[in-house]
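Overview (structure and organization)
So you can see what is in the structure, the chains are spelled out below.
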Amino acid sequence: MKPAEFYQRDRLWQPPALTPDYKTSVARSPRFAMLSLQGSMSEITGPTFGHSDIDAIDNDLIKNYAKTGDPVGERIIVHGRVLDENGSGVPNTLVEIWQANAGGRYRHKKDSYLAPIDPNFGGCGRTITDDQGYYYFRTVKPGAYPWRNWVNNWRPAHIHVSVFGTAFAQRLITQMYFEGDPLIAKCPIVQTIPDQRAIDQLIAPLDLNAAVPLDCLAYKFDIVLRGRRSTLFENRLEGN
Amino acid sequence: MVQPLNYLKESASQTAGPYVHIGLAPGAAGFNIFERELGWDIAGPDARGTRIRVEGVVYDGTGAPVKDVLIEAWQADANGIYPHVEDPRHADCATGFRGWGRAITDFDTGVWGFDTIKPGVVQGRNGRPMAPHINLWIVARGINIGLNTRMYFDDEENAADPVLNLVEQVHRRDTLIAHKTGPNTYRFDIRLQGDGETVFMDI
């Protein structure tokens, strides 16, 4: 059987490299056209991870760095599925997240924002999707924070999400935003995405049905990775 | 009207940002949280092959080193086998070979590096062999969607490689070739923009 390749990435849907309102992109964006490659073994394979790579507590950001008690902030569950463009769940794939604390401060030696570090909050977690592609984390809602771009730019509350899928061609890092945040529309990083529907797809709705009454709220965030072609009638792949 | 196709759309990428280390390399961010950080064992101690170290710097369009970049590597083992079910030979892949790893920069110098074994020739499309190479994926603040490229070796037979030969401007193929700097060390600098801009790939 021929290995099936992935649908071509929609470069009119994805953000381009050069987005001048996000100033850092100006000197870090390639100017020449990318070389388009049909999938070979190097692209349709990718790393695999198992439960021996992580610990059960790794997906609980309320507990995984707690020293003297729980972190400060609005307690939330973030849950959803990793899917491909065909709508199939992507099972057993690694999902990693990182975020600021409830005050908008990252636990990073390069972050000097005046909001305080939370002694009980690390700000990272990871999990592996189940056999249906489902995942969940527990954390606190991150705060908005200022960043140097224009003098008064603020990032909307967001969680960074890293996903692998089954192939190196599916590798993706994105950010999850929260329903109702007025900063989303004003953020030059969000606005690197040219299509409003693609932005909407990164905004997690409040999901009261998944909340834990008297304990924590929930937001639902599905992540879509590239889908694969079927090998209908293909007995010779033309080209290189 | 016609029937809807109902495909989903890939989630849009967003920059990994300056604090990518918190999520993907928390030790570099300045704290320890996980029992095992992932990405520091491309080739375990039992994996056979020539042990090599690859180092380099990512430069921006002004020529300055990019000091907050994170690079992921994906490669085949010394026999050109990927540890993945889509590789028909995967059952023969080297013991303890993960094939995947992460490299981050020294925050002061911008130099990144990783230790691995030298990959072998990989079976390409339609049976055409691909010269030994390491697939790289580069993310950083200011990079909106991860950049894919490949690193080849200057002490291998690259002339017939089907991917290198797709690069129309022949001199640009050199941007994909690492230079041997010692018995088992290679240098691979990546230029995001400007003179000698690296060839990036839409894979």
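Definitions and limits used
- Residues numbered from 1 in each chain as written.
- Chains lettered and ligands numbered in written order.
- Predicted model: local features only at pLDDT ≥ 70, side-chain atom pairs only at ≥ 80, totals over all residues.
- Heavy atoms only, no water.
- Helix = DSSP H or I, 4+ residues; strand = E, 2+ residues; numbered from the N terminus.
- Buried < 20%, exposed > 50% of the residue type's maximum accessible area, 1.4 Å probe, protein only.
- Contact = heavy atoms within 4.5 Å.
- Buried area = accessible area lost by both parts, 1.4 Å probe.
- Salt bridge = Lys/Arg side-chain N within 4 Å of Asp/Glu carboxyl O.
- Polar contact = N/O pair within 3.5 Å; in protein donor to acceptor, adjacent residues only side chain to side chain.
- Nonpolar A, V, L, I, M, F, W, Y, C, P; charged D, E, K, R; others polar.
- pLDDT = per-residue confidence, 0-100.
- Pairing = 2+ DSSP bridges.

**Quick notes on unusual backbone geometry**
At L214 of chain A, a position not held by glycine, the phi torsion is positive, near 65°. Inspection of the secondary structure assignment puts L214 of chain A in the loop between strand 10 (203-204) and strand 11 (217-220). A residue is classified by how much of its surface remains accessible, and L214 of chain A, at 96% relative accessible area, is exposed. Phi is positive for N126 of chain B, close to 55°, though the residue is something other than glycine. In this structure, N126 of chain B sits in the loop between strand 5 (122-123) and strand 6 (129-130). The exposure class assigned to N126 of chain B is partly exposed, which follows from its relative accessible area of 28%.

**Describing the interface of chain B and chain A**
Opposite the 79 residues of chain B that make contact, chain A presents 96 residues. Between chain B and chain A, the buried area comes to about 7800 Å², and carbon and sulfur atoms account for 56% of it. Together, E10, Q14 and R125 of chain B form the three largest contributors to the area buried by chain B at its contact with chain A, with a combined 12%. The closest approach of N and O atoms between D68 of chain B and R28 of chain A, which form a salt bridge, is 2.9 Å. The interface formed by chain B and chain A includes 53 residue pairs in polar contact (both at pLDDT 80 or more). When contributions to the side of chain B that touches chain A are tallied by element, the ones reaching two or more residues are helix 1 (20-24), helix 2 (26-29), strand 2 (70-75), strand 3 (100-104), strand 5, strand 7 (133-139), strand 8 (147-153) and strand 12 (201-202) of chain B. Tallied by class, the residues present in the side of chain B that touches chain A amount to 41 nonpolar, 18 polar and 20 charged.

**Quick look at the confidence of the model for chain B**
Confidence in the prediction for chain B averages 96 pLDDT; 100% of positions are at 70 or higher. The complex prediction reports pTM at 0.96, with the ipTM value standing at 0.96.

**Quick notes on the sheet that holds strand 8 (residues 158-163) of chain A**
With mixed pairing, the five strands of this open sheet are ordered in space as 4-3-8-9-10 (chain A). In this open sheet, the two edge strands, each paired with only one partner strand, are strand 4 (124-128) and strand 10 of chain A.

**Regarding the pairing of strand 7 of chain B**
Residues and elements named next belong to chain B. Of all seven residues that make up strand 7, seven are buried, and the element is covered over most of its length. By the alternation rule, side chains of strand 7 split into H133, N135, W137 and V139 and I134, L136 and I138, which are all buried. Sheet topology note: the strand 2/strand 7 ladder contains six bridges and is antiparallel. Note that in strand 7 the partner of Q75 across the bridge is I134.

**Notes on the pattern of salt bridges**
Tallied over the full model, the rule gives 29 salt bridges over all chains. K9 of chain B is the salt-bridge partner of D10 of chain A, the closest N and O atoms lying 2.5 Å from each other. Residue D10 of chain A is located in the segment before helix 1 (24-27), and its partner K9 of chain B is located in the segment before helix 1; the two belong to separate chains. Taking the relative accessible area as the measure of exposure, D10 of chain A reaches 29% and is therefore partly exposed. Under the relative-accessibility criterion, K9 of chain B is labelled partly exposed at 30%. With a closest N to O distance of 2.7 Å, R102 of chain B and E96 of chain A form a salt bridge. Taken as a pair, R102 of chain B in strand 3 and E96 of chain A in strand 3 (residues 94-99) lie in two separate chains rather than in one. With a relative accessible area of 2%, R102 of chain B lands in the buried category.

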